[in-house]
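Working through the structure, step by step
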Amino acid sequence: MNSERSSKSNISNITTTANYLSLYLGQDQGVRLGESVVVSTKAHARMPKKKIKGQIEILTNRDAGKTYLNCIDLDQIVHIDVYHLPGEIDPRDVARAIFRAMDQYFTNQDPQLQYAEEVRFKMLSSYAEKIQISTKLGKGKIYDLFQNEIIPYTVGDEGRDHVHILARLNREEYFMVYIIATTTEEVIIQSGLQLAQVRSISHGKQKEQEDDFGHYIKIPWKRFSGQEATFMSPEENVNQLVLKLAEKFGGIEEIQDWMQMYSRNILKRKGAEYQKKKWGDIEHYVEQMEEMGLMQKTPLLGTTLTKKGLEIQDYIIKHKPELETEIRRNIRRVPGGSSTRFRKVGQSKQKTTQVEFVDYHKTINNSDNWTGNLAVAETVIQAKKSGLLRGDKHFSIKKEDLYFYDKKSYVPIDICLLMDASGSMAGDKRQAACALAQHLLLTGKERVAVVTFQEHSARVVAPFTRNQSILSKGLATINPSGLTPMASGIMTALDLISKSRVHNPLLIMITDGIPNSPLWTMDSKADALEAISKLPEQKIHFICIGVESTRLFMEKLSERGEGALYLVDDLNKENLINLVRYEKNEILKR
């Protein structure tokens with residue numbers, strides 16, 4: 001009877017906590033649970049002891065996912081800190097305890113799960129991939145910690161005096177926070193440590209740490225008091241500035257587009273909303289341009305280019321080819337893959353075909369095969385040598401004297417990037433997908449095409465090409481907005497592939513949502529599944545890169561298209577580039 005009463009009380013606490021969190025976290029507020037736990041979707045800072053002992057500050061302008069996991073999407077990560085007095089907690093102990101607690105909770109909620117081990121394990125594994133634990137002894141996701149895979153603690157990491165937990169949970173899953181927090185407290189106490197009291201929490205802001213390039217890119221005409229003159233030529237300074245802007249905006253075309261928006265001609269200007277949709281937050285870059293004297297605030301027109309800014313704009317136009325060469329070098333660089341975490345579902349089932357070509361740098365003596373490209377010079381030399389050894393009176397070429405150019409083979413993979421350009425892909429996600437397209441074209445031998453879908457239709461942004469200029473001009477026209485007509489996008493890409501002479505076509509779809517604009521019927525999802533089912537018959541490799549929240553539908557989509565699904569925490573440039581490189585290597589192994 002007491003056990004039953006305790007179980008009901010526990011469920012009541014879990015429900016109350018979930019409702020409480022849903023209310024406050026939805027308002028960007030942090031909460032204190034008990035005396036030692038702080039929960040929010042933001043980063044936390046401990047106030048100096050001399051100022052306010054035991055107070056934790058919720059940094060309302062620093063999203064936890066973006067701060068700790070480099071996520072673009074906001075409010076996806078719940079940040080849980082459980083404070084304790086000085087001591088060491090093994091993150092593997094915390095991981096095992098949370099896993100057992102989750103198992104017990106789900107079994108109590110649905111007793112039938114104890115007989116469906118496969119279903120229960122799949123559900124628990126899903127959560128184990130979404131929860132990361134950090135302490136002074138190391139960090140890792142629950143799934144990895146279970147296998148003794150632990151990342152060492154480094155100075156500056158969270159978790160020195162608390163158990164730092166990041167959980168990818170939606171509002172319907174906030175009940176998990178109570179389970180995670182109470183279980184972690186139990187592990188701390190069982191480890192022989194005392195919980196530390198959080199006396200209060202407060203809310204504040206912290207200035208984002210961004211690269212203040214306005215301080216080290218010294219445009220020649222700008223005077224810096226107390227600083228030595230730069231040894232860089234004026235051209236090198238401007239080139240350095242353009243490369244820094246290209247990291248944000250993508251290329252020369254888009255840098256020109258951005259600078260044009262600060263023209264004194266009102267008709268050529270576009271508002272802040274347009275800029276944010278296309279490039280994300282650009283306020284910091286405007287501030288840096290003002291620091292260098294290239295932009296200024298005016299009473300009537302707002303921020304505009306100064307005379308020197310117009311000179312820079314003119315310089316970019318005149319030196320476009322040289323600047324594009326420098327930018328290409330940067331785009332070719334492969335980002336580090338250590339932080340790219342993904343979950344793969346399924347596998348592309350299409351087979352690849354090789355292409356043979358003549359290797360004019362290597363010849364072989366092949367007397368058994370009379371076909372191929374004859375290496376005349378090598379054959380004549382060999383015949384002359386052999387004739388002397390044979391004692392021939394006249395020059396003659398025998399079968400054994402024949403030399404042919406060798407042959408090489410490789411597997412070309414032409415890529416069609418199918419990009420979701422709906423409203424949710426605006427800003428940094430758009431930039432990441434565009435960066436992927438540029439990287440693929442500049443680091444591979446094959447052609448790249450880009451198709452986008454938004455509102456109620458799709459369009460070919462760039463046909464299959466090896467020309468970076470064509471690709472860049474097409475990418476510059478992408479302005480995310482509206483709905484997600486996925487079926488239309490798939491059919492447009494399919495039509496483009498079928499009408500182009502391509503080798504081992506690979507269709508890569510990047511999306512953060514599910515279809516909500518139909519093509520044939522009133523059911524957007526059914527139309528997308530019907531469209532994707534046409535890929536296998538045309539022997540098209542297919543992969544989809546999406547986020548966890550769309551998993552259920554995307555699994556059906558990739559299965560119907562006989563392809564693979566990659567689920568990532570975030571659609572950033574590093575993740576996209578590393579995943580596509582990984583998939584290309586997987587295709588080449590088959």
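These numbers were taken from a predicted model, which means no experiment stands behind them.

1. Description of the packing of helix α11 (residues 307–318) against helix α12 (residues 320–332)
Their axes nearest at 5 Å, the elements α11 and α12 cross at an angle of 85°. In this view, α11 runs roughly perpendicular relative to α12, as classed from their interaxial angle. Side by side, α11 and α12 meet where Tyr315, Ile316, Ile317 and Lys318 of the first sit next to Lys320, Pro321 and Leu323 of the second. For the contact of α11 with α12, the per-class residue count stands at five nonpolar, no polar and two charged.

2. Details of the pattern of salt bridges
Inspection of the entire model under this criterion finds 28 salt bridges. With a shortest N-O distance of 2.6 Å, Asp512 and Lys429 are connected by a salt bridge. Taken as a pair, Asp512 in the loop between β18 (506–510) and α17 (524–532) and Lys429 in helix α14 (residues 428–443) lie far apart in primary sequence, 83 residues in all. Neither Asp512 nor Lys429 differs from the other in exposure class; each is buried. Salt bridges linked by common partners bring Arg390, Asp392, Glu400 and Asp401 together as one network.

3. Description of the domain arrangement of the protein
When the parts of a complex come together, some accessible area is lost, and that lost area is often taken as the interface size. Domain annotation of the protein identifies domain 1 (3–204), domain 2 (234–332), domain 3 (355–410) and domain 4 (415–589). For domain 1 and domain 4, the distance between their C-alpha centres works out to 35 Å. Between domain 1 and domain 4, the residue contacts involve eight residues of the former and seven residues of the latter. Across the domain 1/domain 4 interface, buried area totals approximately 810 Å², and carbon plus sulfur atoms make up 44% of it. Taken together, domain 1 and domain 4 are joined by zero salt bridges.

4. Topic: helix α9 (residues 272–279)
Among the residues of α9, those classed as buried are Gln275, Lys278 and Trp279. Buried residues of α9 fall within an arc of 70° about the axis and therefore sit on the same side. Of the exposed residues in α9, the ones pointing more than 90 degrees away from its buried face are Glu273 and Lys276.

Cut-offs applied
- Residues numbered from 1 in each chain as written.
- Predicted model: local features only at pLDDT ≥ 70, side-chain atom pairs only at ≥ 80, totals over all residues.
- Heavy atoms only, no water.
- Axes fitted to C-alpha atoms, helices over the stretch in contact; angles between N-to-C directions.
- Helix = DSSP H or I, 4+ residues; strand = E, 2+ residues; numbered from the N terminus.
- Parallel < 35°, antiparallel > 145°, perpendicular 65-115°, else oblique.
- Contact = heavy atoms within 4.5 Å.
- Nonpolar A, V, L, I, M, F, W, Y, C, P; charged D, E, K, R; others polar.
- Salt bridge = Lys/Arg side-chain N within 4 Å of Asp/Glu carboxyl O.
- Buried < 20%, exposed > 50% of the residue type's maximum accessible area, 1.4 Å probe, protein only.
- Domains from an automatic or database assignment.
- Buried area = accessible area lost by both parts, 1.4 Å probe.
- Arc of directions from axis to C-beta.

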